[in-house]
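# Structural overview for review
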Amino acid sequence: MTDFPWLTVLVLTPLVGSAATALLPRTPGAVLPKQVALGFSLLALAVVVAVAVQYDAGGGMQFTETHTWIKAFGAHYALGVDGLALMLVALTALLTPVVIGAAWNDADERATNIYFSLMLALEGLALGVFVATDVLLFYVLFEATLIPAYFLIGSFGRADARVRARAAVKFLLFMLGGGLVMLASVVGLYAISSDSGTPSYLIADLAGLHIDGDTGRWLFVGFFIAFAVKCPLFPLHTWLPDTTSAATPGTSVLLVCVLDKIGTYGLLRFCLGLFPEASQWATPVVIAMALVSVVYGALVAVGQDDLLRLIGLTSLSHFGFIVLGIFVMNSQGLTGATFFMVNHGLSTAALFLVAGYLIRRRRSAMISQQGGVEKVAPVLSGLFLMAGLATLGLPGMSPFISEFLVMVGAFSYSWWIGAIAVTGIVLAAVYVLVAYARTFTGPTRTGLESLRDLGLREVLAVAPLVVALVFLGFYPKPVLDVINPVTKTTMSYVGVTDEPPHVGEEAHQ
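The structure reproduced in this document is the subject of the present report. No experiment lies behind these values; they were computed from the predicted model shown.

When charged atoms on two side chains of opposite charge get close, those side chains can pair. Going through the model one piece at a time under the given rule, you end up with seven salt bridges. Measuring nitrogen to oxygen at the nearest pair gives 2.7 Å for the salt bridge that ties Arg217 to Glu277. In this pair, Arg217 sits in helix α9 (residues 213–230) while Glu277 sits in helix α13 (residues 276–302), placing the two residues 60 residues apart along the sequence. Judged by relative accessible area, which is 25%, Arg217 ranks as partly exposed. Ionic pairing is found between Asp305 and Arg438, a salt bridge with its closest N-O pair at 3.4 Å. Taken together, the residues Asp305 in the loop between α13 and α14 (307–327) and Arg438 in helix α19 (residues 415–440) connect sequence positions 133 residues apart. For Arg438, a relative accessible area of 38% translates into the label partly exposed. Each of Lys170, Asp242 and Arg309 takes part in salt bridges that share partners, so that together they form one network.

Attention now goes to the environment of Gly179. Tracing the backbone through its elements, the reader meets Gly179 in helix α7 (residues 161–195). Residue Gly179 is classed as buried on the basis of its relative accessible area, which comes to 0%. Placed 246 residues apart in sequence, Gly179 and Ile425 show a C-alpha to C-alpha distance of 32 Å. Other than its neighbours up to four places away in sequence, Gly179 contacts Tyr139, Phe142, Glu143 and Ala226.

Next up on the list: the environment of Ile483. With respect to the helices and strands, Ile483 occurs in helix α21 (residues 477–494). Along the sequence, Ile483 and Ala85 sit 398 residues apart, while their C-alpha atoms lie 9.7 Å from each other. Beyond its immediate sequence surroundings of up to four residues, Ile483 is in contact with Met87, Thr335, Thr338 and Phe339.

Let us now look at empty space enclosed by the protein. Per the stated rule, a full pass over the model turns up four cavities of 30 Å³ or more. By volume, the largest cavity is sized at about 70 Å³. Leu307, Leu310, Ile311, Thr314, Leu351, Phe384, Gly388, Thr391, Tyr431, Val432 and Ala435 together form the lining of the largest cavity. Secondary structure elements with two or more residues in the lining of the largest cavity: α14, α17 (378–391) and α19. Per-element tally for the lining of the largest cavity: the top contributor is α14, with four residues. Residues that form the lining of the largest cavity fall into these classes: eight nonpolar, three polar and no charged. Taken as a whole, the second largest cavity holds about 40 Å³ of empty space. Together, His318, Phe340, Ser347, Ala390, Thr391, Gly393, Pro399 and Glu403 line the second largest cavity. Elements with a minimum of two residues in the lining of the second largest cavity: α15 (331–362), α17 and α18 (398–413). Residues of the lining of the second largest cavity, tallied by class, amount to three nonpolar, four polar and one charged.

Calculation criteria
- Residues numbered from 1 in each chain as written.
- Predicted model: local features only at pLDDT ≥ 70, side-chain atom pairs only at ≥ 80, totals over all residues.
- Heavy atoms only, no water.
- Salt bridge = Lys/Arg side-chain N within 4 Å of Asp/Glu carboxyl O.
- Helix = DSSP H or I, 4+ residues; strand = E, 2+ residues; numbered from the N terminus.
- Buried < 20%, exposed > 50% of the residue type's maximum accessible area, 1.4 Å probe, protein only.
- Contact = heavy atoms within 4.5 Å.
- 1 Å grid on protein atoms, 1.4 Å probe; cavity = no way out; pocket = protein on both sides within 12 Å on 5 of 7 lines; lining within 4 Å.
- Points joined across faces, edges and corners; volume = space filled by probe spheres on them.
- Nonpolar A, V, L, I, M, F, W, Y, C, P; charged D, E, K, R; others polar.

In structure tokens form, the structure reads like this:
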């Protein structure tokens, strides 16, 4: 393994690009900031490809960098990737140039350079979160992602100024509230590591500490609340639909498909990784929250008229599936949940971006104001249908595989938990197909006769997502080979196996 600091270069590339883009002239509609931002995002993607080529699927944490940061606190600048981190790093690096290409004209009437600078800043900070192997460093980057996200929603949102400002403040309050609760647990970890004689925030050191039951459970709750807000899970989800309906579709992709993955990533890396006993103790409550999220998110999505709000609520349902797969704690569920993170990012990003194309042309996100679009814009309609079919888990699309694995894991854990989760799959077909029928089929609505179909740039922007959804739907092996070793390591550390629970132990497990 090379000593070259690949991960530092990876994190710095979009951050340097963000600074360079911000320093360009603030001319509305200027092309140069877009080109510079796209170039740096593609350079970051090239670095990820270089890391992935050298990555050993069975080698554990790799490309590690460790340097003392705050010696008195035992804090380090420590980076590394395993299969879980690599999947989310690759997803982030892929989605950012896709979003920049699709959002090419979204800020033409505003400060174009700042809009794309904020996108690169969000990418760089999110990459840092996924590769941080020091808890304090993770927390600092976790909170820092809120800065570009807040301005992307509040200053460059799709809605009018008052609505987007309210959505941005609500988003920030929810995230800061969860983060402050987690900070208490971060401080608690420092106190425990200090008692051991050598204070440290390194995840590898903390995982080896003995934490008594009650203390571990309180610390678990602090981390879990922060990640449940970030995911989000019911009832901590109310910021999500407001944000997606107020933000631009490109911003929504970065928030829902990248930033929200920090929540599910944190559940695996920190809740299961540092508090295995507390994770099993909390399993019944977490599974109940996940099931409510699956069903409630799907039911509410069915009745939505705002297309972007609908897509946001589908994500509530899908994050419920991911959390369910994590906490049934068997190999099928954990592998399916990790793969689901990637697939949700691909399919939901495609939905947001194609919906954004339609909304930009129609100047309305209301489904009731659409109709018969497929007759005048068949390419746009076809791409939306493909993304929708992937979202509902059509066989042949990669979300089907992850959804199937989660369902197998759920039924292996308990048949009635699996039966409740199945309703989310049925409802997914309803909200996707009903939304498609109302928007794209039937007679063309008055005012839509001259609607322009997608251009080459718009098609090329979302093409990588469609290709990935189809390719991984038929050949998921490269991704699963990276995920499976992480699943085995997690199960071993938590102390669970794939053996079915004994009679009378099912509810406790």
